[in-house]
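Results of the structural survey
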Amino acid sequence: MRIALTNDDGILAPGLLALKAALAPLGEAVAIAPDRPRSACGHAVTLHKPLRVASVALPDGSQGFSCNGTPSDCVGLALSGHVGPRPDLVISGINLGPNAGWDLTYSGTVAAAMEAAINGLPSFAISVDAFEPVDFAPAADFAAYLAGAILARGLPRDTFLNVNVPAVPPGELRGVSITCQGRTAYDGVIERRTDPRGRPYYWWTGDRSRQPADTGTDMAALREHKISVTPMKLDLTEHAFVSGLGDWQLRWPR
Ligand code: MN
């Protein structure tokens, strides 16, 4: 069994190393990840400059690979067989910071799992609900358990999983919840500030924690200290509006 691991926090991120250690009993796990933090890069791929891959000694002494591209580039390289044979499963994480609600559309972590699904490989993204370094062991253990379940059962076509793990001690975890993507977003506020030379600059701010979380969503599960597992699909079409939009009878106006 071959498992490709990636993330958007960089090849030396502790979450990736914890994931690799937990997966060792399942098979050969190869880590290929960006050579620097690339959080919030979304599904970007590198089309207009060379991709470079370097062998890296990971803190556990094993070999990993760093890449000057994005998480989706890393998945592409793994699936193209450039860091060993094509994997059977792709796991992205463990991300520092939750990927829930509308936020996950910005996520390089989630996009890497999406890239695997596009190429017909089972995959999942996994994140912890903390922005400061935490004990990744509970999330890593769950990742290994879930990887086993996926390898045994497979996933439907065009489908991947998005996992969020509460940042609480294992004894305070209240189980697993199968969830829907919530509507929670950052406030979407960009603040205007002034640099030391008197010129304006702008910086994204926002606090999602104050927003309500609908029942059954990823964010609600995290607040209940439950591991959230959301089945995700690639198709963003709003099928319920296809016929309604057809009623507009849109036409080429000239
Ligand atoms: Mn990240």
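We now turn to the structure provided with this report. The shown structure was predicted, so the numbers you read here are calculated from the model rather than taken from an experiment.

Another aspect to go through is the layout of surface pockets. Empty pockets left among the atoms are what a rolling probe the size of a water molecule brings to light. Put simply, the largest pocket is a space of about 590 Å³. Along its surface, the largest pocket is lined by 22 residues, and Gln181, Met232, Lys233, Asp235 and Leu236 are the ones closest to its centre. Sorting the residues of the lining of the largest pocket by element identifies helix 3 (108-118) and strand 11 (227-233) as the ones contributing at least two each. Among the elements that line the lining of the largest pocket, the one with the most residues is strand 11, at four residues. Here the lining of the largest pocket is composed, by residue class, of 11 nonpolar, eight polar and three charged. In this structure, the second largest pocket spans a volume of roughly 510 Å³.

Okay, the nonpolar core next. Proteins that are soluble and globular tend to have nonpolar side chains buried together. Core analysis: the largest hydrophobic core is formed by 32 residues, its most contacted members being Leu5, Leu23, Ile91, Ile94, Phe124, Ile126 and Val163. In terms of residues, this core owes the most to one element, helix 4 (residues 137-153), which gives eight residues. For Ile94, the contacting residues outside a window of four places in its chain are Asp9, Gly15, Leu16, Leu19, Ile126, Ser127, Val128, Phe136, Ala139 and Ala140. Counting residues in each nonpolar core, the second largest holds 15 residues, with Ala4, Val30, Leu77 and Ala112 among its members.

Further remarks concern the pattern of salt bridges. According to the stated counting rule, one finds five salt bridges in the structure shown. In this structure, Glu28 engages Arg2 in a salt bridge whose closest nitrogen and oxygen atoms are separated by 2.9 Å. On the criterion of sequence distance, the pair formed by Glu28 in strand 2 (residues 28-34) and Arg2 in strand 1 (residues 2-6) is long-range, its members being 26 residues apart. Arg2 gets classed as buried once you look at its relative accessible area, which sits at 14%. Measuring nitrogen to oxygen at the nearest pair gives 2.7 Å for the salt bridge that ties Asp35 to Arg36. A relative accessible area of 37% places Asp35 in the partly exposed class. Judged by its relative accessible area of 38%, Arg36 is partly exposed.

What counts, and where the lines are drawn
Residues numbered from 1 in each chain as written. Predicted model: local features only at pLDDT ≥ 70, side-chain atom pairs only at ≥ 80, totals over all residues. Heavy atoms only, no water. 1 Å grid on protein atoms, 1.4 Å probe; cavity = no way out; pocket = protein on both sides within 12 Å on 5 of 7 lines; lining within 4 Å. Points joined across faces, edges and corners; volume = space filled by probe spheres on them. Helix = DSSP H or I, 4+ residues; strand = E, 2+ residues; numbered from the N terminus. Nonpolar A, V, L, I, M, F, W, Y, C, P; charged D, E, K, R; others polar. Core = buried A, V, L, I, M, F, W, Y, C linked by side-chain atoms within 4.5 Å. Buried < 20%, exposed > 50% of the residue type's maximum accessible area, 1.4 Å probe, protein only. Contact = heavy atoms within 4.5 Å. Salt bridge = Lys/Arg side-chain N within 4 Å of Asp/Glu carboxyl O.

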